[in-house]
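# Overview (structure and organization)
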Amino acid sequence: MTKTAPVLDIDAILDDENTRIVVCCGSGGVGKTTTAAALGLRAAERGRSVVVLTVDPAKRLAQSMGLTELDNVPRRVKGVGSPDGSGNGSRGELHAMMLDMKRTFDEIIEAHADPERARQILTNPFYQSLSSSFSGTQEYMAMEKLGQLRRSGDWDLIIVDTPPSRSALDFLDAPERLGRFLDGRLIRVLMAPAKAGGRSAFKLLNAGFGIVAGALTKVLGAQVLKDIQMFVSALDAVFGGFRQRAEQTYKLLQAPGTAFVVVATPERDAIREASYFVERLAEERMPLAGLVINRLHRSPASALSAARSTAAAEDLEARGEHELAAAVLRLHAGRMQLAAREQREQEHFMSAHPTVPIAHVPAMAEDVHDLDGLREIGGLLAT
Ligand SMILES: Nc1ncnc2c1ncn2[C@@H]1O[C@H](COP(=O)(O)OP(=O)(O)O)[C@@H](O)[C@H]1O
Ligand SMILES: [Mg+2]
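Below: a short report on this structure.

Reading the values: the criteria
- Residues numbered from 1 in each chain as written.
- Chains lettered and ligands numbered in written order.
- Predicted model: local features only at pLDDT ≥ 70, side-chain atom pairs only at ≥ 80, totals over all residues.
- Heavy atoms only, no water.
- Pairing = 2+ DSSP bridges.
- Helix = DSSP H or I, 4+ residues; strand = E, 2+ residues; numbered from the N terminus.
- Contact = heavy atoms within 4.5 Å.
- Axes fitted to C-alpha atoms, helices over the stretch in contact; angles between N-to-C directions.
- Donors = N, O, S within 2.8 Å, 3.2 Å for Na, K, Ca; no water.
- Buried < 20%, exposed > 50% of the residue type's maximum accessible area, 1.4 Å probe, protein only.
- Expected span 1.5 Å × (residues − 1).
- Near = heavy atom within 4 Å.
- Polar contact = N/O pair within 3.5 Å; in protein donor to acceptor, adjacent residues only side chain to side chain.
- Areas by Shrake-Rupley, 256 points an atom, 1.4 Å probe, with all protein chains shown as cover.
- 1 Å grid on protein atoms, 1.4 Å probe; cavity = no way out; pocket = protein on both sides within 12 Å on 5 of 7 lines; lining within 4 Å.
- Sits in = over half its atoms within 2 Å of the grid points.
- Right-handed = clockwise from strand over helix to strand, strands pointing away.
- Parallel < 35°, antiparallel > 145°, perpendicular 65-115°, else oblique.
- Left-handed = near helix turned anticlockwise from the far one by under 90°.
- Nonpolar A, V, L, I, M, F, W, Y, C, P; charged D, E, K, R; others polar.
- Core = buried A, V, L, I, M, F, W, Y, C linked by side-chain atoms within 4.5 Å.
- Points joined across faces, edges and corners; volume = space filled by probe spheres on them.

The next point concerns the sheet that holds strand 4 (residues 93-98). Spatial ordering of the open sheet is given by 3-4-2-5-1-6-7-8, a layout of 8 strands whose pairing is mixed. Each edge of the sheet is formed by a strand with only one pairing partner; in this case those strands are strand 3 (75-76) and strand 8 (358-362). Of the pairings in the sheet, the one linking strand 2 (residues 49-54) to strand 5 (residues 157-161) comprises 4 bridges and is parallel in character. Each bridged residue has a counterpart across the sheet, and for V52 the counterpart in strand 5 is I159. On top of the sheet, helix 7 (residues 137-152) reaches strand 1 (21-25), strand 2, strand 4 and strand 5; it is set at about 165° to strand 2, its chief contact.

Written out as structure tokens, the structure is:
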């Protein structure tokens, strides 16, 4: 028996002026960036003023949206809306930007520390490694940017793509993790052994960091200790701000105007990740809009089952006739089996989460790398 799920009504979400933020999340490579861009384009062409915050767009997709510079500010996408966008004449506007993680971090420091202290922090080698390689920094900075865009009030809809981390949950965990790291109390713990001085202090310090982030243990050497002390005392002034803003952004994500769209491909790992994410959103009381199952394979001749197709191919092969037809039948059988597997994966999700609305997007023959491709994906999402 085939189960059915409620349909995810994308247009209802995009058209609802109470929807202010759409967050596209899911595990790596499932189509988050593509979905975010497609939703943004569709919303703009349906009359909304939209900004899409992309994190790691593929190069050609970025170019097609005019994202050639990594300048960390939204730019209007040409070919969408009018008159300035010179697009199809709709009232809406599409703006897009690519997240520059380090730049976002720098901007926070600049905004919250006096110029001299800001300079001390920004030129500190420890800061440079933290701002570009701390695990979770990208997730945190995506949230920070989201908060900034929301506070600016310049757009009526913000679509957020999430970083390419392995686990979708990283996005939600990052503010807490980084917040804890930058929290004054912990920093004081780290400072205490440093003040005692000497080798044992350095070991203790490293142990302290180990708890927070294994990524930093690669930092070694006496100069580093000095740099850390400098960094810590200079950054002290901005700590409260980080934590507070992370908490604000968390609240923003829980607000009724936010819609989480979880993206998955119909494969075991991606579906499992989507399940975890859906459960986590419920725990956090964050509003889930639904699941997008992307890159579904369907057969144009689904009336012919895999078994009958294989049997027919075997028959032709046994008789040594119609080689090409036999090959086509085998291909068809493979495709039907794939579709059946994908259906089973979906059904796992549906039995665990029977009330979660789902939208389907078939696998396209080619990568999605221009506005027409995005428009097509947007149309498929909405049907
Ligand atoms: N429905 C689809 N059909 C075909 N290719 C797709 C589809 N959705 C996404 N892609 C392609 O898959 C790749 C990964 O998509 P992307 O959106 O970058 O994933 P993510 O952001 O989740 O890592 C891109 O090359 C994109 O063009
Ligand atoms: Mg991406």
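Resuming the write-up.
Take the coordination of the magnesium ion (ligand 2) next. Bound to the magnesium ion (ligand 2) are the protein donor atoms T33 (OG1) and D56 (OD), situated 2.0 to 2.3 Å from the metal. You can see T33 sitting in helix 2 (residues 32-45) and its partner D56 sitting in the loop between strand 2 and helix 3 (59-64), a full 23 residues away along the chain. Exposure remark for T33: the relative accessible area of 11% places this residue in the buried category.

All right, on to helix 7 then. Under the 1.5 Å per step criterion, the end-to-end length of helix 7 is 22 Å for 16 residues, consistent within 8% with the ideal 22 Å. Within helix 7, burial applies to T137, E139, Y140, M141, A142, M143, E144, K145, L146, G147 and L149. Of the residues trailing helix 7, G153 is marked for its positive phi of about 70°.

Turning our eyes to something else, we now look at the site of ligand 1. If you check the shell around ligand 1, you find 16 residues, and the closest are K32, T33, T34, N294 and M364. M364 is positioned with one of its backbone polar atoms (N or O) 2.8 Å from a nitrogen atom of ligand 1. For ligand 1, the accessible surface in isolation is 560 Å², of which the surrounding protein chains cover 88%. One can see that ligand 1 is located within the largest pocket.

For the rest of this paragraph, the subject is the pairing of strand 7 (residues 288-296). Summarising burial for strand 7: 7 of the 9 residues are buried, a large majority. Strand direction decides the pairing type here: strand 6 (residues 258-264) and strand 7, joined by 5 bridges, are parallel. Residue pairing across strands places V263 opposite V292, the latter belonging to strand 7. The handedness of the strand 6 to strand 7 crossover, carried by helix 13 (residues 268-283), is right-handed.

So, about unusual backbone geometry. We note that R295 has phi near 65°; this positive angle belongs to a residue other than glycine. Tracing the sequence through the fold places R295 in strand 7. The exposure class of R295 is partly exposed, given its relative accessible area of 41%.

Next up on the list: the packing of helix 4 (residues 101-112) against helix 7. Running from N to C, helix 4 and helix 7 cross one another at 60°; their axes reach a closest spacing of 9 Å. One way to sum up the angle between helix 4 and helix 7 is to call them oblique. Considering how the two elements wind past one another, helix 4 and helix 7 form a crossing that is left-handed. When helix 4 is examined against helix 7, the residues M101, T104, F105, E107 and I108 are found in contact with a partner set consisting of T137, Q138, M141, E144, K145 and Q148. Of the residues that constitute the contact of helix 4 with helix 7, the class distribution is 4 nonpolar, 4 polar and 3 charged.

What follows covers the nonpolar core. With 90 residues, the main nonpolar core has I159 and L172 as its most contacted residues. Broken down by element, this core gets its largest block of residues, 7 residues, from helix 2.

What follows deals with the layout of surface pockets. Here the largest pocket is characterised by a volume of approximately 470 Å³. Mapped onto the lining of the largest pocket, the elements with two or more residues apiece are helix 2, helix 3 and strand 7. With 3 residues, helix 2 is the largest single contributor of residues to the lining of the largest pocket. For the lining of the largest pocket, a count of residues per class yields 10 nonpolar, 7 polar and 6 charged. Put simply, the second largest pocket is a space of about 150 Å³. Residue lining of the second largest pocket: K3, T4, A5, P6, V7, Q343, Q346, M350, I358, A359, H360 and T383, and that is the complete set. At the level of elements, helix 15 (323-352) and strand 8 are the ones that each hand at least two residues to the lining of the second largest pocket. Taken together, the residues of the lining of the second largest pocket break down into 6 nonpolar, 5 polar and 1 charged.

Keep in mind these values describe shape, not function.
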